[in-house]
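Here is what each chain is made of, one letter per residue.
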Amino acid sequence: MQDSTLTILVVAAVVVVVALVAWAATRKRRTTQLVSHFGPEYDRTVEQLGSKAKAEADLAARAKHRAKLTIRPLSPADHDRFADAWHRTQEGFVDDPTGSVARADALVAEVMGLRGYPMGEFEQQAADISVDYPALVENYRAAHRLALDSARGDIGTEDLRQAMVRYRALFAELLEARELEPAAV
C-alpha cells in the first residue's frame, strides 16, 4: 500500500511539473508573438498598464476585436480623392499650419472610417490601428496630441510641422494599404 501511494504521488508531481512547463512555454510563445507583432506598442502598453500580464491581455483583446472588423481597401476613386486632398492639405501648410493639421487629423479619421475602422473614442481608434500598423500608432497618438494642442493655440510651427510628418506616415499607409487580413497574434 505504501509503494502505490508513493507511486501515485510521484506520478502526480510529474504531471504537475509537465503542466507547469507546458504553461510556461505557452506564455513565453505568446509573449514572443506579441512582442514581435506589436513592437514598441507592447512596451508602451506594459508601461501604461503596469504589468506584462495585463498588457498581453489588452493586446490580445485588441487583436480579437480587430479580427471582427472588415477592413477594406479604398476604391481607386477614393484613393485618388484622398491623395488629392492630402496634397492640398500639405500645400496649405505654409499659409495655415494650424488649419492644415486640423485637416490632416480629419483626413486620417475619414480614411480610417471609409476603410472600416470604427470611429468613436480616440484611444479605441488608436488601439484598432495598433493591430494593423503597430509601428505607426505612436505617430498617430503624437500627431493627435499635437492637433489638440494646436486647436488650443498651445504649439508653434515646428510642432505643427512634426504633426504633419507624423500624420503623413500613417496616412500614406492607410491610403496605399490593400485589404488586410486580421493579424494572427
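For the structure given in this document, a descriptive report is provided here. Note that the structure is a prediction, hence the values are computed from the model and not measured. (Residues numbered from 1 in each chain as written. Predicted model: local features only at pLDDT ≥ 70, side-chain atom pairs only at ≥ 80, totals over all residues. Heavy atoms only, no water.)

1. With respect to the environment of Lys-68
Turning to step 1, where the next piece is worked out: The topology assignment puts Lys-68 in the loop between α3 (52-67) and α4 (76-91).
Turning to step 2, where the next piece is worked out: With 25 residues separating them in the primary sequence, Lys-68 and Asp-43 have C-alpha atoms 25 Å apart. (Helix = DSSP H or I, 4+ residues; strand = E, 2+ residues; numbered from the N terminus.)

2. Notes on the packing of aromatic side chains
Turning to step 1, where the next piece is worked out: Enumeration according to the criterion identifies 2 aromatic pairs in this entry.
Turning to step 2, where the next piece is worked out: For the pair Trp-86 and Phe-171, a centre-to-centre distance of 4.6 Å together with 20 degrees between the ring planes defines the contact as stacked. In this pair, Trp-86 is assigned in helix α4 and Phe-171 in helix α8 (residues 157-176), connecting sequence segments 85 residues apart.
Turning to step 3, where the next piece is worked out: With relative accessibility at 3%, the residue Phe-171 sits in the buried group. (Phe/Tyr/Trp six-rings, centres within 6.5 Å; stacked < 30°, edge-to-face > 60°. Buried < 20%, exposed > 50% of the residue type's maximum accessible area, 1.4 Å probe, protein only.)

3. Focus: the packing of helix α6 (residues 122-132) against helix α7 (residues 137-151)
Turning to step 1, where the next piece is worked out: At a minimum axis distance of 9 Å, the contact between α6 and α7 shows a crossing angle of 160 degrees. The orientation of α6 relative to α7 falls into the category roughly antiparallel. Viewed along their axes, α6 and α7 form a crossing whose handedness is right-handed. Together, Phe-122, Glu-123, Gln-125, Ala-126, Ile-129 and Ser-130 of α6 and Val-137, Tyr-140, Arg-141 and His-144 of α7 make up the contact between the two elements.
Turning to step 2, where the next piece is worked out: In terms of residue class, the contact of α6 with α7 is built from 5 nonpolar, 3 polar and 2 charged. (Axes fitted to C-alpha atoms, helices over the stretch in contact; angles between N-to-C directions. Parallel < 35°, antiparallel > 145°, perpendicular 65-115°, else oblique. Left-handed = near helix turned anticlockwise from the far one by under 90°. Contact = heavy atoms within 4.5 Å. Nonpolar A, V, L, I, M, F, W, Y, C, P; charged D, E, K, R; others polar.)

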